[in-house]
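# Per-entry structural report
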Amino acid sequence: MKHLNIIFALGLMAPAFALASEDHGMLESCKAECPSAKTEDEAHKCMEGVVKKKQNDKKFRKSDCFEAFKEHEKHEKEDGHKH
């Protein structure tokens, strides 16, 4: 019975961990632009500067990195929070 309670409690906590570690793929897809970033948040902060510099670069704006950045920005606006 104790094992069942533990499994049940862990099952209830799993969604909270999933929300806390939300990942938009910037860390992996933006390695070239932000090689020193260790977390999604660090990659986002780095990419804010990169996007400003490369705003007229059509090739960059079609990249997976820029797409992940836009997705992260969209998530922040929809949920009204910052990571």
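Structure shown above.
Criteria and cut-off values
- Residues numbered from 1 in each chain as written.
- Predicted model: local features only at pLDDT ≥ 70, side-chain atom pairs only at ≥ 80, totals over all residues.
- Heavy atoms only, no water.
- Disulfide = S-S within 2.5 Å.
- Helix = DSSP H or I, 4+ residues; strand = E, 2+ residues; numbered from the N terminus.
- Buried < 20%, exposed > 50% of the residue type's maximum accessible area, 1.4 Å probe, protein only.
- Salt bridge = Lys/Arg side-chain N within 4 Å of Asp/Glu carboxyl O.
- Core = buried A, V, L, I, M, F, W, Y, C linked by side-chain atoms within 4.5 Å.
- Contact = heavy atoms within 4.5 Å.
- Expected span 1.5 Å × (residues − 1).
- Bend = angle between axes of the 7 residues up to and from the residue.

What follows concerns the state of the cysteines. Throughout the structure, instances matching the rule amount to 2 disulfides. Two residues share a disulfide in this structure: C30 and C65, whose sulfurs sit 1.9 Å from each other. What sets the handedness of the C30 and C65 disulfide is the S-S torsion sign, and at about 110° it is right-handed. In this pair, C30 sits in the loop between α2 (26–29) and α3 (40–53) while C65 sits in helix α5 (residues 64–79), placing the two residues 35 residues apart along the sequence. On the basis of relative accessibility, which here comes to 2%, the residue C65 falls in the buried class. Note on cysteine connectivity: C34 is disulfide-linked to C46, with sulfurs 2.0 Å apart. Where C34 bonds to C46 through sulfur, the torsion about that S-S bond is close to -90°, and the disulfide is left-handed. Separated by 12 residues along the polypeptide, C34 in the loop between α2 and α3 and C46 in helix α3 bring together distant segments of the chain. When the bonded cysteines of the protein chain are numbered from the N-terminus onward, they pair as 1-4, 2-3.

Scanning all chains against the criterion turns up 2 salt bridges. The shortest N-O distance in the salt bridge between K45 and D41 comes to 3.5 Å. Residue K45 and its partner D41 are located together in helix α3, separated by 4 residues, close to a single helical turn. Residues E67 and K70 are paired through a salt bridge, measuring 3.6 Å at the closest nitrogen-oxygen approach. Highlighted residues: E67 and K70, both in helix α5, separated by 3 residues, approximately one helical turn. Owing to a relative accessible area of 39%, K70 belongs among the partly exposed residues under this scheme.

Let us now look at the nonpolar core. Counting 14 residues, the largest nonpolar core has M26, M47, V51, F60 and F69 as its most contacted members. For this core, the secondary-structure elements that each account for two or more residues are α2, α3 and α5. Setting aside chain neighbours within four positions, we find M47 in contact with M26, C30, E33, C34, F60, C65 and F69.

Moving on, we get to α3. End to end, α3 covers 20 Å across 14 residues, agreeing with the expected 20 Å (1.5 Å per residue, within 8%). Along its length, α3 reaches its greatest deviation from straightness, about 25°, at M47. Every buried residue of α3 is accounted for by E40, A43, H44, M47, V50 and V51. Tucked inside the fold, the buried residues of α3 contact α2, α4 (58–61) and α5.

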